[in-house]
Amino acid sequence: MIEVSYSPGDLERKWYAKWLENDLFKRKIAPDKIAYTVHMPPPNVTGILHMGHILNNTIQDVLIRRARQKNQSVFWVPGIDHAGISLQIKIEKELAKENKTRHDVGREAFLDLARKWREKHGNIILDQLKKLGVSCDWSALKYTLDPDYYRTVLAMFVEWYRRGYIYKGSRLVNWCPVSMTALSDEEVIMRQQNSILYYVQYEIVEKPGTFITVATTRPETIMGDVAVAVHPNDERYQEFIGLHCWRPVLCESIPIIADEAILKDFGTGVLKITPAHDMVDFEIGQRHGLAAIGVIDKNGKLNHLAGPEFAEMDRFEARKRVGEYLKENGFLLKEESYVNNVGFSERAGVPVEPMLSEQWFLRYPCVEEAKLAVQKGFIHFRPERWEKTYTHWLDNIKDWCISRQLWWGHRIPVWYRKGKDRNDPQNWHVSVDGPEDPENWEQDEDVLDTWFSSAIWPSATLGWPDEGTMAEMGFNYFYPTEDLVTGPDIIFFWVARMIMSGLSLLGDEEKRLSDDEIRRRIPFKNVYFTGIIRDHIGRKMSKSLGNSPDPLDLIEQYGADGVRMGLLSMAPNGQDILFSEDRVAQGKKLCTKLWNSFRFRQQGSMEGDRSSIEAIVTRIDGDSLETDDITILGKLLEIMDTFERTMADYEFSRALQILHTFFWSNYCDWYIEISKMRTGETIWAVHDLILRQLLLLFHPFIPFVTEELWQDHGYGTKFLNEEPLESSDELRQKLSQIDFGKAATLIEEIEHIRELVVAARALKAQFGLASRRDVKFYFKADSAANEVIERHRQDIKYLLLTQFFEETVEALQLPTTIVTLGSIHIDTADSLDIEAEKERLSHELKELDRLIEINQKKLQNEDFLAHAPQNIVGGARDLLAENMAKKKELEAVLLKLSSIQ
RNA sequence: GGGCGGGUAGCUCAGUUGGUUAGAGCAACUGGUUUACACCCAGUAGGUCGCAGGUUCGAGUCCUGUCCCGCCCACCA
């Protein structure tokens, strides 16, 4: 017997421990079964659990548990990411408290600190996930800096280097002056800024006293100007092209050139060219063979090339000072405020500095195949619209800067011969294990972008490229994986790169991959993009806003089951999610209701065998079955079908809605109430059938409470998730002794009874008699309807809480309501306010008239009759007839009322 | 500048290939402890489906235009 009240905390801890003890989540290579694999997006070691994790992992757990119910061999691979730049910043901050930099402690000591931090804090988020009930195979947990994973990442670098996709070059990259490293384009986020547009005059060398005016937001880079450019067709400046002008700061003569890239209608149409500090300028500089003068250092301060007046000055301070200098010396024509977009470092939150530096780059492999894989449906995105975003990115893809000037991460496996030119590949050694004579070499100081290491995640976690480990992990069995569940914000960072990596590396280099080969190499077949969780007014959840609830608090308060249920119910397909704690509370309510429905069940005899469907079915006596039993079972089979369909489309909240309505409205509010009138084993067996099925259907969403009820109720000896879930057809087979042939008409009959009960209750409520039990009802119906009512008379009386529900042959002078089966009168026992009643009925009559008019109009329309399909026309006719009949009844009652004065 | 998503009841959202009288939950209001459940039950009220055209016998659903809100991409200094 279960406890009186449902309290999730203890039972959730209990069952998670038991599941782990019994290796319920452990993968099994079972060739006779279909493999079903999912990779958990590895959270960062520095991460703290937020609502996004909860949603994401709940969805995965639902998919995984469903797969177990379908008797598939399941492998859910958990992991954790070393979070390169993020943890490095954290450790540096800790050092800063002691006034130290990483250079003070040295590389090895620094890495030790980071490792220790990870050991201490790195598993917190995984422990938090366990509270949610995630059923992943913890024995397969992979960390991106595990020794074998580390080697795999290096092997990936070496292989791509060997194939010619990785190269080293001096390019203008996004530089973060705070983290002191290069960043990829994806790590730069554009933000709107209120800037100042400075109009600066440059005097023409050949025409003293004549000026050309440049508009710039970055005066601090003027010292790096090597030219001034205009559009070749710009009439205003034709005479100046080919001449020179004086650079206003650090005075020097620089050429005036023409280039198509200049926009005539922006600012003055004149652009200052600073190749070392601007992407466009860099390209123009390349085209015109101009030098690049870098005046800003890696720490964001100006250097000696900016001249003694500005050297050592911070770039933003310098912007102000140069502005003042220009003003004081008469170069500044005017300044105006101006809103522009500036790239910021995602992690450090400061503007990035385009900086010329030596970096490693990846030319993406298999770009075309990656597009095809999705276009041809080998990989299916949900919602599908993300395909466009994905394809658009691939169409405009640029080489990826993969080197980072950090220490925490996978160190680039390139060695340079000591004392030789590092830029000459003759002096390079590229391998996983390094040169045999390490004393003559020094390794590249940089590490790889964290996202580079996670690009190979799906196959590396399954043992690739080591054949022994692959066999042990069951690579050929579990790869390609089935579903990936992730946020659309990392579609470029992670999803696209995993696809390209898999396509490129899981086989030899080929000019063009065949469709079969693409299918073999892709890392996953479906990508489900979740929505982003926002607060109740649509703002992104963030620490600084303090609008993000702590998931652990929620779990404490509502149980993991409640949180899972609540979150899924508020997560429509592919749209952002407005968080509402109210929904979480509702999630818990559902669990409580389920709990209480079992307490109702336990009031009945618990003698009968419940250990299987077959056992339950043998307890059913076909002759004792009533309309309500067949109806509820028929309804169950019906919703199982729609449930399956919506789940197959990954429409979780809709599927839940279907279950919820069946359980709450059909089962609890109707069937349980009706069955209170009944006795005998058959009715309890029907309850067992329904409850058993409900536990199975609900289990993937609320695993804990369903397990508790399953075990307590004796539905089986195994764990609930080891029990297969029948399809509705299989269940129908097992219930073959029940005649569902007439279920459709029975459902209609029950609908009519329900309509009658609802209407009669409403009548009772309208006259304020809801609390009274001695209210008398009369009904008037034709003979067919009378038979139906007679069959359900006891139920009706019970549901209306009345002892008196009798037939009358003529309309009575009592408050009345008209339903399909006939008219219902209520005896208010008080003297009737005839005028009020007439008004109430007239109001109802008006509504009926409106409905009648709609259908009459339709049926009088010849075009409608000619074009509309038969069932629609028939439906309109039936409806009209039904409403006409009701109207006739209503008018009869009204007439009766009018006859009494 | 380009692309995508959204605008349906006070709030959050369903509404499947156009087809019977546009739904649910929450909130509001009314009444109720009847032996599973007040984390409950019964009932009431609340909508010109952003706006304007069009196609159609029929439009929340399809087409065109338009206005808001949100996101992504993009080198106008």
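Just above, that's the structure.
Keep in mind it's a predicted model, so treat the numbers as computed, not measured. (Residues numbered from 1 in each chain as written. Chains lettered and ligands numbered in written order. Predicted model: local features only at pLDDT ≥ 70, side-chain atom pairs only at ≥ 80, totals over all residues. Heavy atoms only, no water.)

Trainee: I tried to follow the overall build of chain A on my own but got confused; where do I start?
Mentor: When helices and strands are counted, chain A shows 31 helices and 29 strands. Here the C-alpha atoms of chain A give a radius of gyration of 37 Å, more than 25% beyond the 29 Å that 2.2 N^0.38 yields for 901 residues. For chain A, the spread of C-alpha atoms along the principal axes amounts to about 115 × 70 × 55 Å. Expressed as a percentage of the 901 residues in chain A, the buried residues total 54%. Carbon and sulfur atoms provide 49% of the accessible area of chain A, an area that totals close to 40,600 Å². Across chain A, the 110 positively charged side chains and the 140 negatively charged ones have centroids separated by 2 Å. (Helix = DSSP H or I, 4+ residues; strand = E, 2+ residues; numbered from the N terminus. Rg over C-alpha atoms; globule rule 2.2 N^0.38 Å. Buried < 20%, exposed > 50% of the residue type's maximum accessible area, 1.4 Å probe, protein only. Areas by Shrake-Rupley, 256 points an atom, 1.4 Å probe, with all protein chains shown as cover. Lys, Arg positive; Asp, Glu negative; His and termini not counted. Charge placed at Lys NZ, Arg CZ, Asp CG, Glu CD.)

Trainee: What's the story with helix α10 (residues 367–375) in this structure? I'm lost.
Mentor: For the α-helix, the turn length of 3.6 residues means that residues three or four positions removed from each other point alike. Regarding α10, the residues found buried are Val 367, Glu 369, Ala 370, Lys 371, Ala 373 and Val 374. Residues of α10 that are buried in the fold lie against β15 (380–382), α11 (386–395), α16 (491–505) and α17 (515–521). Within two residues after α10, Gly 377 carries a phi angle of roughly 85°, on the positive side. (Contact = heavy atoms within 4.5 Å.)

Trainee: Got a minute to help me understand helix α19 (residues 581–601) in this structure?
Mentor: End to end, α19 covers 31 Å across 21 residues, agreeing with the expected 30 Å (1.5 Å per residue, within 8%). Buried within α19 we find Val 584, Gly 587, Leu 590, Cys 591, Leu 594, Trp 595, Ser 597, Phe 598, Phe 600 and Arg 601. On its buried face, α19 sits against α1 (8–21), α18 (551–569), α22 (652–675), α23 (681–698) and α24 (703–713). (Expected span 1.5 Å × (residues − 1).)

Trainee: Would you explain unusual backbone geometry in this entry?
Mentor: Generally, phi is negative for residues other than glycine and the peptide bonds are trans, each holding for most cases. Here the bond from Arg 382 into Pro 383 is cis, since omega is -5°, no more than 30 degrees from zero. Examined against the element boundaries, Pro 383 turns out to sit in the loop between β15 and α11. Note that the residue after Tyr 479, namely Pro 480, is joined by a cis bond; omega there is -5°. With respect to the secondary-structure elements, Pro 480 resides in the loop between α15 (475–478) and β22 (481–486). Despite not being glycine, Asn 71 shows a phi value in the positive range, around 65°. With respect to the helices and strands, Asn 71 occurs in the loop between α2 (51–69) and β2 (73–77). The partly exposed category is assigned to Asn 71, whose relative accessible area is 44%.

Trainee: Teacher, can you tell me more about the packing of aromatic side chains here?
Mentor: How two aromatic rings sit relative to each other is given by the distance of their centres and the angle of their planes. Using the criterion set out here, one finds 44 aromatic pairs in the structure. Centroid distance Tyr 6 to Trp 595: 5.5 Å. Interplanar angle 45°. Geometry classified as tilted. With Tyr 6 in the segment before α1 and Trp 595 in helix α19, this residue pair connects regions lying 589 residues apart in the sequence. Assigned by exposure class, Tyr 6 and Trp 595 land together as buried. When the ring centre of Trp 407 is taken as reference, the NZ or CZ atom of Arg 102 above it lies at 4.9 Å. (Phe/Tyr/Trp six-rings, centres within 6.5 Å; stacked < 30°, edge-to-face > 60°. Lys NZ or Arg CZ within 6 Å of the ring centre and 35° of its normal.)

Trainee: Help me understand the protein's contact with RNA strand B in this model?
Mentor: Around RNA strand B, the structure places 60 residues, and the nearest of them are Tyr 338, Gln 603, Trp 664, Ile 872 and Leu 879. At 3.0 Å, a side-chain N or O of Arg 654 approaches a base oxygen of RNA strand B. When residues in the surface near RNA strand B are grouped by element, the largest group, eleven residues, is from α19. The class makeup of the residues in the surface near RNA strand B is 26 nonpolar, 17 polar and 17 charged. (Near = heavy atom within 4 Å. Polar contact = N/O pair within 3.5 Å; in protein donor to acceptor, adjacent residues only side chain to side chain. Nonpolar A, V, L, I, M, F, W, Y, C, P; charged D, E, K, R; others polar.)

Trainee: So what exactly am I meant to see when it comes to the environment of Thr 268 here?
Mentor: With respect to the secondary-structure elements, Thr 268 resides in the loop between β11 (253–258) and β12 (270–273). Through-space distance from the C-alpha of Thr 268 to that of Ala 215 is 6.2 Å; in sequence the pair is 53 residues apart. Once you skip the residues sitting within four places of it in the chain, Thr 268 turns out to touch Tyr 199, Thr 213, Val 214, Ala 215, Arg 236 and Tyr 237. One polar contact links the side chain of Thr 268 to the main-chain amide nitrogen of Val 270, over a distance of 3.3 Å.

Trainee: Help me understand the sheet that holds strand β26 (residues 776–780) in this model?
Mentor: Each strand in a sheet pairs with its neighbour through backbone hydrogen bonds, running either in the same direction (parallel) or in the opposite one (antiparallel). Spatially, the four strands line up as an open sheet ordered β27-β26-β29-β28, and their pairing is mixed. Each end of this open sheet is capped by a strand with a single partner; those strands are β27 (804–807) and β28 (816–819). Direction aside, neighbouring strands of the sheet carry axes that sit 25° apart on average. When β26 meets β27, the two strands line up parallel, connected through four bridges. Bridge assignment links Phe 779 to a residue of β27, and that residue is Glu 807. (Pairing = 2+ DSSP bridges. Axes fitted to C-alpha atoms, helices over the stretch in contact; angles between N-to-C directions.)

Trainee: Even after reading the chapter, I still don't get the sheet that holds strand β19 (residues 428–430), so can you show me in this structure?
Mentor: Within the open sheet, the three strands sit side by side as β19-β18-β20. Their pairing is antiparallel. Here the strands that pair on one side only, and so sit at the sheet edges, are β19 and β20 (441–443). Across the sheet, the axes of successive neighbouring strands diverge by a mean angle of 30°, strand direction being ignored. In this structure, strand β18 (residues 414–417) lies alongside β20, joined through three bridges in antiparallel fashion. Residue pairing in the sheet places Tyr 416 in a bridge with Glu 442 of β20.

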